[in-house]
Amino acid sequence: MNSPMTVLVTGGAGYVGSHCVAELLDRGAKVIVLDNLRQGHRAAVPAEAAFVEADLADTDALKRVFAEWRFDAVFHFAALSLVGESMRDPHLYLHGNTVNSLNLIRATVEAGVRKMVFSSTANLFGTPERLPIDEDTAIDPGSPYGESKFFIERALHWADRCHGLRSACLRYFNAAGAHPNGLLGEDHHPETHLIPLVLDAAAGKRSHIEIFGDDYPTPDGTCVRDYIHVCDLADAHLRVLDALETRSVRYNLGNGTGYSVRQVIEAVERVTGLKVPVKVGPRRAGDPAVLIASSERIRTELGWNPRFPDLDSIIGGAWAWRSRNPNGYRGPATAQAAE
Ligand code: UDP
């Protein structure tokens, strides 16, 4: 039998990263998580994974990690990831995300590691001229966040051309849902994402959900997004490893179906049986009206097929995790101690 592969996962304590760590462990990989825990949660990293608390800005820490382990691949999730915040503080994103990733790419190349899987975004495509959005759609990032991810895609392009570092750039549409094992879910502080916020409004933990604009050119006036289960994203990360034996790849990852903000709210009411109080507010800067993926390329080339495409099931999983973990990863005792 082959020896298990060893994988470094930056940002492995975060939402998508932790689900990928679980998938890697399930498939027998040895996993080392590097995370600064500013957004991630130590409790989201299983005991079977080694954990290093460090920031990618710390090049000495990176050197130590690459000296201690010999990696077969690097999965790179660690980043700031809020569109709205990046519109308010572009430098934070354009500088921070990019420099940290360049540090990681350099350390990866210097260590002779040949594969990197990179967490990119649909925000690369800004306001696209045609839908669904495939990999040939023109790149015109919608925000400094998206631009920072594009810079990194370009750095990876050159790392392949100049050093033979193969990379997979995976452009996620709207990651959603929770792991069916009940141990992992979505827990951001502060929470800005639609589905967890609507669930909190249903549960009475928030007074209402504010719809950011209902005057978009969409059927009900609210923004349309393509919600993709976080475990389907994780599955794609594992599948691309084989492709990286021969080439670098870029794939858009979504279900190919769009739901409006109002449709998400209706789905939450259906799944939970609870009423969601709604208020309509102004548009949020940087939000395109419609983002729907075409994932034909990865379906055809790698046989990827979302296992959890149904919106109600995605929301059902998120609701189950939030109901079991009302304080997210922070148990009640921890939350009290922090106050
Ligand atoms: N949204 C909203 N109210 C909220 C949070 C989000 O109307 O409190 C909308 C947002 O404008 C976008 C969609 O829900 O059209 C999904 O937003 P989210 O932040 O979850 O993901 P994004 O599309 O920004 O990656």
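Everything here concerns the structure above.
Residues numbered from 1 in each chain as written. Predicted model: local features only at pLDDT ≥ 70, side-chain atom pairs only at ≥ 80, totals over all residues. Heavy atoms only, no water.

Caption draft 1: A look at the overall build of the protein. Scanning the protein from terminus to terminus reveals 11 helices and 13 strands. A principal-axis box enclosing the C-alpha atoms of the protein has dimensions of 55 × 50 × 40 Å. Taking all 339 residues of the protein together, the buried fraction comes to 53%. Nonlocal contacts in the protein, meaning residues at least 24 apart in sequence, comprise 79% of its contacts between residues at least 6 apart. (Helix = DSSP H or I, 4+ residues; strand = E, 2+ residues; numbered from the N terminus. Buried < 20%, exposed > 50% of the residue type's maximum accessible area, 1.4 Å probe, protein only. Contact = heavy atoms within 4.5 Å.)

Caption draft 2: Spotlight on helix 1 (residues 15-26). Taking 1.5 Å per residue, 12 residues should reach 16 Å; helix 1 reaches 17 Å between its end C-alpha atoms and fits that length. Counting buried residues along helix 1, 11 of its 12 residues qualify, which places the element largely inside the surrounding structure. Among all positions of helix 1, only Y15, V16, G17, S18, H19, C20, V21, A22, E23, L24 and L25 are buried. The inward-facing, buried residues of helix 1 abut strand 1 (6-10), strand 2 (30-35), strand 4 (73-76), strand 6 (166-172), strand 7 (174-176) and helix 7 (230-243). Where helix 1 ends, the next residue or the one after it, G28, has phi of about 85°, a positive value. (Expected span 1.5 Å × (residues − 1).)

Caption draft 3: Spatial organisation of the site of the ligand. Neighbouring the ligand are 15 residues; L194, E210, F212, R284 and D287 lie closest to it. Measuring from an oxygen atom of the ligand, one finds a side-chain N or O atom of N174 at 3.0 Å. One of the backbone N or O atoms of E210 is found 2.7 Å from a nitrogen atom in the ligand. Looking at the shell around the ligand, the elements that each hand over two or more residues are helix 6 (194-203) and strand 8 (209-212). In terms of residue count, the dominant contributor to the shell around the ligand is strand 8 (four residues). Per-class residue counts for the shell around the ligand are eight nonpolar, three polar and four charged. (Near = heavy atom within 4 Å. Polar contact = N/O pair within 3.5 Å; in protein donor to acceptor, adjacent residues only side chain to side chain. Nonpolar A, V, L, I, M, F, W, Y, C, P; charged D, E, K, R; others polar.)

Caption draft 4: Representation of the nonpolar core in the model. Judged by nonpolar contacts, the single largest core of 37 residues is most densely connected at V31, F75, V240 and L253. Elements with a minimum of two residues in this core: strand 1, helix 1, strand 2, strand 4, strand 6, helix 7, strand 11 (249-253) and helix 9 (296-302). Broken down by element, this core gets its largest block of residues, eight residues, from helix 7. If near-sequence neighbours (up to four positions away) are discounted, F75 is found in contact with V7, L8, V9, T10, C20, L24, V117, H237, L238 and L241. (Core = buried A, V, L, I, M, F, W, Y, C linked by side-chain atoms within 4.5 Å.)

Caption draft 5: Local environment of the packing of aromatic side chains. Applying the stated criterion to the full structure yields five aromatic pairs. Geometrically, the ring pair formed by W69 and F71 is tilted, given 6.4 Å between the ring centres and 35° between the ring planes. The class for W69 is buried, based on a relative accessible area of 17%. Classification of F71 by relative accessible area gives buried; the value is 4%. Each member of the aromatic cluster is reached from another via a ring pair, and the members are F66, W69 and F71. (Phe/Tyr/Trp six-rings, centres within 6.5 Å; stacked < 30°, edge-to-face > 60°.)

Caption draft 6: Seen up close, the sheet that holds strand 5 (residues 115-121). Read from one edge to the other, the open sheet built from seven strands follows the order 3-2-1-4-5-6-11, with strand pairing classed as parallel. Every other strand in the sheet has two partners, leaving strand 3 (50-53) and strand 11 as the edge strands with one partner each. Adjacent strand axes in the sheet meet at a mean angle of 20°, parallel and antiparallel pairs treated alike. Here strand 1 runs beside strand 2; their pairing, made up of five bridges, is parallel. Looking at strand 2, one finds that V7 is bridged to V31. Across the sheet, helix 7 is in contact with strand 4, strand 5, strand 6 and strand 11; its angle to strand 6 comes to roughly 155°. (Pairing = 2+ DSSP bridges. Axes fitted to C-alpha atoms, helices over the stretch in contact; angles between N-to-C directions.)

Caption draft 7: How the structure looks around the packing of helix 8 (residues 261-272) against helix 10 (residues 311-324). Two numbers describe how helix 8 lies on helix 10: the axes approach to 9 Å, and their chain directions differ by 65°. Helix 8 and helix 10 meet at a crossing whose hand is right-handed. Two secondary-structure elements touch here, helix 8 through V264, A267, V268, R270, V271 and T272 and helix 10 through L311, D312, I315, G316 and W319. Among the residues forming the contact of helix 8 with helix 10, the class breakdown is seven nonpolar, two polar and two charged. (Left-handed = near helix turned anticlockwise from the far one by under 90°.)

Caption draft 8: Expanded view of the side chain of D287. On the secondary structure map, D287 appears in the loop between strand 13 (278-281) and helix 9. Of the residues examined, D287 reaches a relative accessible area of 16% and is grouped as buried. Polar side-chain contacts of D287 include one of 3.1 Å to the side chain of R284. For D287, the contacting residues outside a window of four places in its chain are Y216, C223 and R225.

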